[in-house]
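Each chain, letter by letter, is given below.
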Amino acid sequence: MAKVMGRRSARILALILALIMLGSVFAYVMRGGQIESRHVKLRLSDFREYVNLTPKGAYEFEYVNLTEFAKLDPTDDLRIYVNGKLRNIVTPIIFSRNILEIPGGLREIYSAKYAPAISLYFVNCGQSKVYFARESEFNYKTFKIQVRRGIGLIDEISPLIVGYTPLVKSSIDTIDNRSMSCSNVYGYLKRINGSFAYAYFIFGDVAKRRLTSENKSVSDFFFEGYRYNYQNDSYEKLWALHFLDNFFFGKMNESIRIFGYYKFENYEDGFGVAIMGDKNFSRIINAKPRILTLKIIVNETK
């Protein structure tokens, strides 16, 4: 069972989270007890919408919700797991105190990976003013891009967008042309309910190559998310897939299930969601739903 922090402690921790989690990667700075705000021209609601401004070509996506993270005790297994994921997501080329400083603290980090460029990051820090050690800046369409050694940053969008400058420019292009973005996956993400401490997803050809059965592609969209369910005091892993051909989630006998509970739902368009839960996080890490397929055999009459 997770150890949950008090509300006041969680709020304080959310503000100084960067110091606790990443050492010198971020710093929380109070200026006269107040945090300066920045001007924002465009605001996105949550990570599901971030794909709409993510340029095509990304092959892997990760997301960390630091607000959910901060609710958990420092010794909690889910928190330790997410902390490890976060350390792998961020890069000191960007997330270093002498380069990027966010006085208001962090709420969410979303990463889209590109080869061979560094990841493109969407960083939710609310309305907090952002301090970036820029070497130059230029206007692109209606936005200002700050630049440091090939890294571009836009703070006029919430969440702020930072990464390889050409990718940052391309993210602005997607505002007027959604076909240049990963928006085709938004239709699946918006069907996944609830919040997550950590999530990972892939789609398209990447998913087809990685998710196979007997050399046959199982799905063209895969999502895995981890969270804590406070209603029943359990950890949960959620899988969402858009199945190809005749694959679908199926029932699982309790005799072979190594975790507490399992529920799933399949939809007519091939989309399916499965939730696995247990009070022991170590069981959730290895938990997998049951995926079945229909085989149609036609006997030819002689």
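Source: prediction; values computed, not measured. (Residues numbered from 1 in each chain as written. Predicted model: local features only at pLDDT ≥ 70, side-chain atom pairs only at ≥ 80, totals over all residues. Heavy atoms only, no water.)

(A) Highlighting helix H5 (residues 77–89). The first and last C-alpha atoms of H5 sit 19 Å apart over 13 residues, in line with the 18 Å expected at 1.5 Å per residue. Taken together, the buried positions of H5 are occupied by Leu78, Arg79, Val82, Asn83, Leu86 and Ile89. For H5, the arc enclosing every buried residue in end-on projection is 135°, short of the 170-degree limit, so these residues lie on one face. A distance of 2.9 Å separates the backbone nitrogen of Leu78 from a side-chain oxygen at the start of H5, and that oxygen is part of Asp76. (Helix = DSSP H or I, 4+ residues; strand = E, 2+ residues; numbered from the N terminus. Expected span 1.5 Å × (residues − 1). Buried < 20%, exposed > 50% of the residue type's maximum accessible area, 1.4 Å probe, protein only. Arc of directions from axis to C-beta. Polar contact = N/O pair within 3.5 Å; in protein donor to acceptor, adjacent residues only side chain to side chain.)

(B) How the structure looks around the sheet that holds strand S4 (residues 108–113). The strand order across the open sheet built from twelve strands is S7-S8-S9-S11-S5-S4-S2-S12-S15-S16-S19-S18, with neighbouring strands paired in antiparallel fashion. Two strands close off the open sheet at either side, each with one partner strand: strand S7 (136–140) and strand S18 (261–266). Averaged over all adjacent pairs, the angle separating strand axes in this sheet is 15°, with direction ignored. The sheet contact formed by strand S16 (residues 234–243) and strand S19 (residues 271–278) spans eight bridges and is antiparallel. When the sheet's bridge partners are listed, Ala240 is paired in S19 with Val273. Taken strand by strand, H5 contacts strand S2 (60–65), S4, strand S5 (120–124), strand S12 (198–203), strand S15 (219–229) and S16, and its axis lies near 130° from that of S2. Here helix H6 (residues 165–176) sits on the sheet in contact with S5, S7, strand S8 (143–148), strand S9 (151–154) and strand S11 (160–164), set at roughly 135° to S11. (Pairing = 2+ DSSP bridges. Axes fitted to C-alpha atoms, helices over the stretch in contact; angles between N-to-C directions. Contact = heavy atoms within 4.5 Å.)

(C) Geometry of the environment of Asp176. Mapped onto the fold, Asp176 is located in helix H6. We classify Asp176 as exposed; its relative accessible area is 64%. Distance in space between the C-alpha atoms of Asp176 and Leu53 is 9.8 Å, their sequence separation being 123 residues.

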